[in-house]
Amino acid sequence: MQATKKIDQVDIHLGDRSYPILIGLGLMDDSTIWADLPAATTALIVTNTTVAPLYGKRLADTLRTRFQRVLVLELPDGEAFKTWQSLNLVFDALLSNECDRKTILFALGGGVVGDMTGFAAASYMRGVPFVQIPTTLLAQVDSSVGGKTAINHPLGKNMIGAFYQPLKVVCDLATLHTLPARELAAGLAEVIKYGPITDPVFFAWIETNIDALLRREPAALAHAAKRSCEVKAAVVAQDERDHGLRATLNFGHTFGHAIETGLGFGQWLHGEAVGCGMVMAARLSQQLGLVDHGLVQRLTALIARAGLPVRGPLLAQGNAEGGSANSLRYLELMRTDKKSEGGEIRFVVLDGLGQASVRPAPDAMVRAVIDASCV
Ligand code: NAD
Ligand code: GLY
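Since the model is a prediction, treat every value here as computed from it, not as a measurement.

Draft legend 1. Representation of unusual backbone geometry within the structure. Here Asn-158, not a glycine, exhibits a phi torsion of approximately 55 degrees, which is positive. Secondary-structure assignment places Asn-158 in strand S8 (residues 156-163). One non-glycine residue with positive phi stands out, namely Asp-242, at about 65 degrees. By the secondary structure assignment, Asp-242 is in the loop between helix H7 (218-238) and helix H8 (253-263).

Draft legend 2. Geometry of the site of ligand 1. If you check the shell around ligand 1, you find 28 residues, and the closest are Asp-77, Glu-79, Thr-135, Thr-136 and Thr-178. The separation between an oxygen atom of ligand 1 and a polar side-chain atom of Asn-48 is 2.9 Å. Lys-232 is positioned with one of its side-chain polar atoms (N or O) 3.4 Å from an oxygen atom of ligand 1. The fraction of the free accessible surface of ligand 1 (870 Å²) that becomes covered by protein chains is 91%. Taken together, the elements giving at least two residues each to the shell around ligand 1 come down to helix H1 (51-63), helix H3 (111-123), helix H4 (137-143), S8 and helix H5 (181-198). Along the lines of polarity and charge, the residues of the shell around ligand 1 split into seven nonpolar, eleven polar and ten charged.

Draft legend 3. Broad picture of the site of ligand 2. Around ligand 2, the neighbouring residues are Asp-142, Lys-148, Lys-232, Arg-246 and Leu-249. For ligand 2, a nitrogen atom lies 3.1 Å from a polar atom in the side chain of Asp-142. Measuring from an oxygen atom of ligand 2, one finds a side-chain N or O atom of Lys-232 at 2.6 Å. In terms of residue class, the shell around ligand 2 is built from one nonpolar, no polar and four charged.

Draft legend 4. Structural context of the environment of Asn-88. Residue placement: Asn-88 occurs in helix H2 (residues 84-96). Residue classification places Asn-88 among the partly exposed positions, given a relative accessible area of 36%. With 32 residues separating them in the primary sequence, Asn-88 and Ala-120 have C-alpha atoms 8.3 Å apart.

Draft legend 5. Region of the structure containing empty space enclosed by the protein. All chains considered together, the criterion is met by two cavities of 30 Å³ or more. Quantified by volume, the largest cavity comes out at close to 80 Å³. Broken down by secondary-structure element, the contributors of at least two residues to the lining of the largest cavity are S8, H8 and helix H11 (325-334). Residue composition of the lining of the largest cavity, grouped by class: four nonpolar, five polar and three charged.

Draft legend 6. Region of the structure containing the packing of helix H9 (residues 270-287) against helix H12 (residues 363-373). Contact pair H9 / H12: the axes reach a minimum separation of 10 Å and the direction vectors enclose 130 degrees. Judged by the angle between their axes, H9 and H12 are oblique. For H9 against H12, the interelement crossing comes out right-handed. Counted together, Met-280, Arg-283, Leu-284 and Gln-287 of H9 and Met-365, Val-366, Val-369, Ala-372 and Ser-373 of H12 form the full contact between these two elements. Its residues assigned to classes, the contact of H9 with H12 shows six nonpolar, two polar and one charged.

Draft legend 7. Expanded view of H11. Counted residue by residue, H11 has seven buried out of ten residues, so it is predominantly covered. Residues Ala-325, Asn-326, Ser-327, Tyr-330, Leu-331, Leu-333 and Met-334 constitute the buried set of H11. Residues of H11 that are buried sit in contact with H8, H9, strand S10 (319-320), strand S11 (323-324), strand S12 (346-352) and H12.

Draft legend 8. Representation of the nonpolar core. Within the largest apolar cluster, 77 residues are counted, with the highest numbers of intra-cluster contacts made by Leu-137, Ile-192, Phe-255, Tyr-330, Met-334, Phe-347 and Val-366. Element by element, the count of residues in this core is highest for H7, at ten residues. With sequence-adjacent residues up to four places away left out, Val-366 is seen in contact with Phe-255, Leu-284, Leu-331, Met-334, Phe-347 and Ala-361. Among the nonpolar cores identified, the runner-up in size contains 22 residues, and Ala-43, Ile-45, Tyr-55 and Ala-60 belong to it.

Draft legend 9. Here's a closer look at the layout of surface pockets. Quantified by volume, the second largest pocket comes out at close to 230 Å³. Around the second largest pocket, the lining comprises 14 residues; the ones closest to its centre are Arg-17, Tyr-164, Gln-165, Pro-166 and Leu-167. Per-class residue counts for the lining of the second largest pocket are eight nonpolar, three polar and three charged.

Draft legend 10. Representation of the side chain of His-253 in the model. If you trace the backbone, His-253 turns up in helix H8. You can call His-253 buried: its relative accessible area is 4%. Of the polar contacts made by the side chain of His-253, one reaches the side chain of Glu-190; its length is 3.3 Å. In this structure His-253 touches Glu-190, Lys-193, His-270 and Val-274, once residues within four positions along its chain are discounted.

Draft legend 11. Inspection of the side chain of Ser-327 at higher detail. With respect to the helices, strands and loops of the structure, Ser-327 is situated in helix H11. For Ser-327, a relative accessible area of 0% translates into the label buried. The residues touching Ser-327, leaving out its near neighbours within four places in the chain, are Arg-367, Ile-370 and Asp-371.

Draft legend 12. Focus on the pattern of salt bridges. The full count for this structure, using the stated rule, is 26 salt bridges. Close ionic contact of Glu-190 with Lys-193 constitutes a salt bridge, the shortest N to O distance being 3.0 Å. Placement of both Glu-190 and Lys-193 in helix H5 is noted, with a separation of three residues, approximately one turn of the helix. By relative accessible area, Lys-193 is classed as buried at 1%. The network of salt bridges with shared partners includes Asp-142, Glu-190, Lys-193 and Lys-232.

What counts, and at which threshold
Residues numbered from 1 in each chain as written. Chains lettered and ligands numbered in written order. Predicted model: local features only at pLDDT ≥ 70, side-chain atom pairs only at ≥ 80, totals over all residues. Heavy atoms only, no water. Helix = DSSP H or I, 4+ residues; strand = E, 2+ residues; numbered from the N terminus. Near = heavy atom within 4 Å. Polar contact = N/O pair within 3.5 Å; in protein donor to acceptor, adjacent residues only side chain to side chain. Areas by Shrake-Rupley, 256 points an atom, 1.4 Å probe, with all protein chains shown as cover. Nonpolar A, V, L, I, M, F, W, Y, C, P; charged D, E, K, R; others polar. Buried < 20%, exposed > 50% of the residue type's maximum accessible area, 1.4 Å probe, protein only. 1 Å grid on protein atoms, 1.4 Å probe; cavity = no way out; pocket = protein on both sides within 12 Å on 5 of 7 lines; lining within 4 Å. Points joined across faces, edges and corners; volume = space filled by probe spheres on them. Axes fitted to C-alpha atoms, helices over the stretch in contact; angles between N-to-C directions. Parallel < 35°, antiparallel > 145°, perpendicular 65-115°, else oblique. Left-handed = near helix turned anticlockwise from the far one by under 90°. Contact = heavy atoms within 4.5 Å. Core = buried A, V, L, I, M, F, W, Y, C linked by side-chain atoms within 4.5 Å. Salt bridge = Lys/Arg side-chain N within 4 Å of Asp/Glu carboxyl O.

Printed below as a string of structure tokens:
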């Protein structure tokens, strides 16, 4: 990938918590990007053992032009480490280095690092500023934007967290060059998500450009990141705290979170679980009479072309009352979903291409969809 000066900017409008999302190649080396940050002596880069050797020194060198002290903390890598214990390592670093409340945290990595660093920033001294520097496609198109921060609990995904917005998001597309192919595909799940729920034109664009995205062509990645951030920024601006509209961004996630929790965090990547979850959610939409089979097939084909699984894993074997033990296990896991109300699971379903809503569905129908969708 060639470095270029072109920077796309998407603004997220949240009153005095508004911020820009900058998208371009080679942004990490551009010290002018940090010029407008609030005055502070210390920057703490929170990253992990995989990303630190790739980009830690580069970012630290750039930040040294702006901060007297630049600290780097390497967390263990992986969804399995999105835990209270890892979060505490951030507090250990902040306290042992006597970091004051002006200290700025820089989340350098994928969604796991971003979500944990954001939560640490939300809680340290009741809130210190932070910046997102997402280095996976998934983080650039979704998790770094919108201020959802969290850690996992063994009983549920992202169950402990806070809404806390960053000062800015800096998406350096050049970092995607080192991303493993499986992780790139996982990120494409979240890109694909925006089409069926909000934007038929973008959905068709992804269908046309999926091979260019898989080849990591810079222009295709830049468009995918920009359009994804535009959609997400517009939704978050209307419903920052997830009271209604924002829940539609969770298309595929109710099934997906059950897969992640049921298999154990880290077995399937988040994006893989979401990809497969979107197939299940589309099938449920069809069963509810909201969309036709053609749309389900179209979405399934695109998810498969992205290299993502379209059939769910078995989370339990054998039979149970009312159907398979597997579908019962999915239901049990989905009841802890944050959209559930009074024990009733609520699903993001498609009302057509580009339209989504949140609705309950009969258990028997959900179980039939799961049974028809699992290997
Ligand atoms: P991740 O953070 O685990 O990163 C994936 C892997 O890629 C890791 O091994 C990481 O070290 C490595 N990596 C990161 N950047 C790299 C690079 N440039 N080159 C090589 N390797 C690199 O996973 P993810 O897919 O980025 O994020 C998933 C997480 O995001 C989940 O925990 C999910 O719950 C969360 N999420 C949050 C939101 C939100 O709104 N906050 C939205 C979607 C997902
Ligand atoms: N990824 C879903 C949200 O940010 O609301």
